[in-house]
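Close look at the chain arrangement
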Amino acid sequence: MTDASLAAQGMTAHRSLWGDVWRQFRAHRGAMVGSAVFLFIVLGVTVGPYIHTVDPQYLNMRARNAGISWDHPFGTDNVGRDMLAQVMAGGRVSLAVGFAAMGVSIVIGALVGVLAGYIRRLDGPLMRLTDLFLALPILPLLLVILLLFRDTLRTLFGPEAGIFLLIVFVIGITSWMQTARIVRGEVLALKEREFVLAAKSIGTRGHRIITRHLLPNVLSPIMVSATIGIANAIITESALSFLGLGFPPDFPTWGRLLFDGKDFMTLTPERVIWPGLAISLTVLSVNFIGDGLRDALDPRIRGR
Amino acid sequence: MAFDSPKAGETLVRVADLKVHFPIHAGLIRRQVGTVRAVDGVSFDVARGETLGLVGESGCGKSTTGRAVLRLVDATAGRIEMAGTDIASLGSEALRRMRPRMQMIFQDPHASLNPRMTVGSIVAEPLSEHGTLRGSARQRRVEELLDAVGLNPSFANRYPHEFSGGQRQRIGIARALALDPDFIVCDEPIAALDVSIQAQVVNLLEELQERLGLTYLFISHDLSMVRHIADRVAVMYLGKIVELADREALYGAPKHPYTQALLSAVPIPNPKVEATRRHIILKGDVPSPANPPSGCRFRTRCPIAEARCAAEEPAWRKLDDGRHVACHFAT
């Protein structure tokens, strides 16, 4: 078949939007590597515990501070708990917190940003609210929120689910401001573009202008802040655990493992290397996936 | 609409004393310190099936007039009648129901199409917004529209960035035509295009007008293109119309000194005539619309201005041959 007939075929064949997006995503090498690594981590923390069936809380005082061996592929800590099992158990919590908190922060940030950018009357109040949140000292705020609501939520949802909800909410509510500012700026620029005026002249209603014309065009900055948001959420959760405000001490998360291991860095460096590596790889792979998604969702870059 | 069959000469759009003022805010508490009188008392009629050209230099309020006529900018004062309904005071839902009858073609074909939407969904947007057609009927209508503006209907799956400026402008025209409008405001539809493409787009507009009985308000700063397409021409200066006349009368014997100066700036493609022709070169700049001169707005640059022009604002007069002029000395 000649090039011309191939081109003619491509012109008439129906191209679905998501088919195009997937094709472009697959062409992005970094995104594919990132997806593979991320899939590996997700499978590791979900399926892994069924293969490496060691209880992460099992204390084995005879095998304290053990190095890498067949029994303990990642070694053990100072009370003989298996590190691999702990990293896998901690990953579940860290990933769940990261994604859920990112979701909360993106939804709030995008909502505030779009409303402030699109509705002139709301711009002042919403942006001052954003400034207020940015100016708040986060750690004292977290302390107060956690102290006030921890016990209520614990009794309502149980110790683990309650603290999970609280941490996701607290991280989400304190990290949406950057997204809101970026989205507002983009919306302010976009709504003066002629295609928005064209939509108004057609009689498109306000909410449709937002969902059809504004949101798809601010997808790139939202995507970027989402990938950064996951990393930030995982790290903030670690900081909270370190302060004793996060999950209970016997409940491993990647951040908790890092902080527990830091005192034994000279003796058993693998105790900080493994959770640190897991956090870094997750953040890096999510960043690459976000990069690829952003390119794939932009029709101007797609097909290049 | 079907029940008001087109009659020649019937007035479709009547604009009376339209004013669009923009407030200027300054200082710490954003107090209003002045107003930009972008459009300041503009009146004109457009008859069904005709093309009214609106010309003037940059910043004189042409585009704002066009947008205010479609209520894309709210008018500060005045009436805008569209087939007898005053749309300047309509509520948003009633205005939305009027939208299909009046559409706009935009200046910049690169900015007027959403880069994230396919051409098909751009053209289908008016149809889905007003719920007139669904499913395969809508798709057929989109193909029909693309065909009508000279584009291959199979382009519906492509994105705007895959097209040239002229093709994009055709997509914009197809979108404007989707709801069978009576009245289209063309806001400098050819200003951003190559000269070779301009003629194609203008011819397409003329052909569509003939076929569909459209009425145009054609905004442009290209005097020769307006002469080609318009039946009547209005000349704007600093928020006001200074002269409105039939095309031949205006280009043949302009009465207002500003129109005369404007037309003398159009080169004539004959070196002998061009060399000997009298050029009127205006001095100075256009005054700020936030602080227009007293009396006649053109007096600061007018070659024939007198003391009276500063004291007294010239009336919008109808001359014997039917044209309108706003100048004390025009006869």
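Residues numbered from 1 in each chain as written. Chains lettered and ligands numbered in written order. Predicted model: local features only at pLDDT ≥ 70, side-chain atom pairs only at ≥ 80, totals over all residues. Heavy atoms only, no water.

1. What about the packing of aromatic side chains?
Residue and element names in this part refer to chain B. Tallying each qualifying case throughout the model produces 7 aromatic pairs over all chains. Arranged with centres 4.6 Å apart and planes meeting at 55 degrees, the rings of tyrosine 237 and tyrosine 258 form a pair that is tilted. With tyrosine 237 in strand β9 (residues 232-237) and tyrosine 258 in helix α9 (residues 257-264), this pair connects stretches of sequence that are 21 residues apart. Each member of the pair, tyrosine 237 together with tyrosine 258, is buried. Three or more aromatic residues joined by ring pairs make a cluster, and in this case those are Tyr237, Tyr258 and Phe298. (Phe/Tyr/Trp six-rings, centres within 6.5 Å; stacked < 30°, edge-to-face > 60°. Helix = DSSP H or I, 4+ residues; strand = E, 2+ residues; numbered from the N terminus. Buried < 20%, exposed > 50% of the residue type's maximum accessible area, 1.4 Å probe, protein only.)

2. Structural notes on the interface of chain A and chain B
Each side of the interface is counted separately: chain A has 30 residues, and chain B has 32 residues. A buried area of about 2,800 Å², summed over both sides, lies between chain A and chain B, and 49% of it is on carbon and sulfur atoms. Connecting chain A to chain B are 5 salt bridges. The partner of Glu125(B) in a salt bridge is Arg212(A), and the shortest N-O contact between them spans 2.8 Å. It is helix α10 (residues 194-202) of chain A that provides the largest number of residues to the side of chain A that touches chain B, a total of 8 residues. Taken together, the residues of the side of chain A that touches chain B sort by class into 12 nonpolar, 8 polar and 10 charged. (Contact = heavy atoms within 4.5 Å. Buried area = accessible area lost by both parts, 1.4 Å probe. Salt bridge = Lys/Arg side-chain N within 4 Å of Asp/Glu carboxyl O. Nonpolar A, V, L, I, M, F, W, Y, C, P; charged D, E, K, R; others polar.)

3. Overview of the pairing of strand β10 (residues 240-246) of chain B
Every regular strand shows the same layout, with side chains that alternate between the two sheet faces. All names here are of chain B. β10 sits mainly inside the fold: 5 of its 7 residues count as buried. Relative to β10, β9 runs antiparallel, the two being bridged by 6 bridges. Paired with tyrosine 237 across the two strands is lysine 240, which belongs to β10. Hairpin remark: β9 followed by β10, antiparallel, with 2 residues in the connecting loop; positive phi at leucine 238, about 50 degrees. (Pairing = 2+ DSSP bridges.)

4. Observations regarding the pattern of salt bridges
Per the stated rule, a full pass over the model turns up 34 salt bridges over all chains. In this structure, Asp131(A) and Arg181(A) form a salt bridge, with 2.6 Å as the shortest nitrogen-oxygen distance. Of this pair, Asp131(A) sits in helix α6 (residues 120-135) while Arg181(A) is found in helix α9 (residues 177-190), placing the two residues 50 residues apart along the sequence. Residue Arg181(A) is classed as partly exposed on the basis of its relative accessible area of 39%. As a salt-bridge pair, Glu194(A) and Arg67(B) come within 3.7 Å of each other at their nearest N and O atoms. Within this pair, whereas Glu194(A) is found in helix α10, its partner Arg67(B) is found in helix α1 (residues 62-69), the two belonging to separate chains. Residue classification places Glu194(A) among the buried residues on the basis of a relative accessible area of 11%. Among the charged side chains, a network of salt bridges with common partners joins Arg205(A), Arg208(A), Arg212(A), Glu93(B), Arg96(B), Glu125(B) and Glu129(B).

5. Notes on the domain arrangement of chain B
Residues and elements named next belong to chain B. What the domain assignment lists for chain B is domain 1 (11-230) and domain 2 (255-331). Between the C-alpha centres of domain 1 and domain 2 there is a distance of 29 Å. Across the contact, 10 residues belong to domain 1 and 11 residues belong to domain 2. When domain 1 packs against domain 2, close to 820 Å² is buried across both sides, 59% of that on carbon and sulfur atoms. It is Arg37, Glu57 and Leu223 in domain 1 that bury the most area against domain 2; as a group they hold 56% of the surface buried on that side. Between the two partners, domain 1 and domain 2, sit 2 salt bridges. The partner of aspartate 40 in a salt bridge is arginine 297, and the shortest N-O contact between them spans 2.5 Å. Element by element, the count of residues in the side of domain 1 that touches domain 2 is highest for strand β2 (residues 31-47), at 5 residues. (Domains from an automatic or database assignment.)

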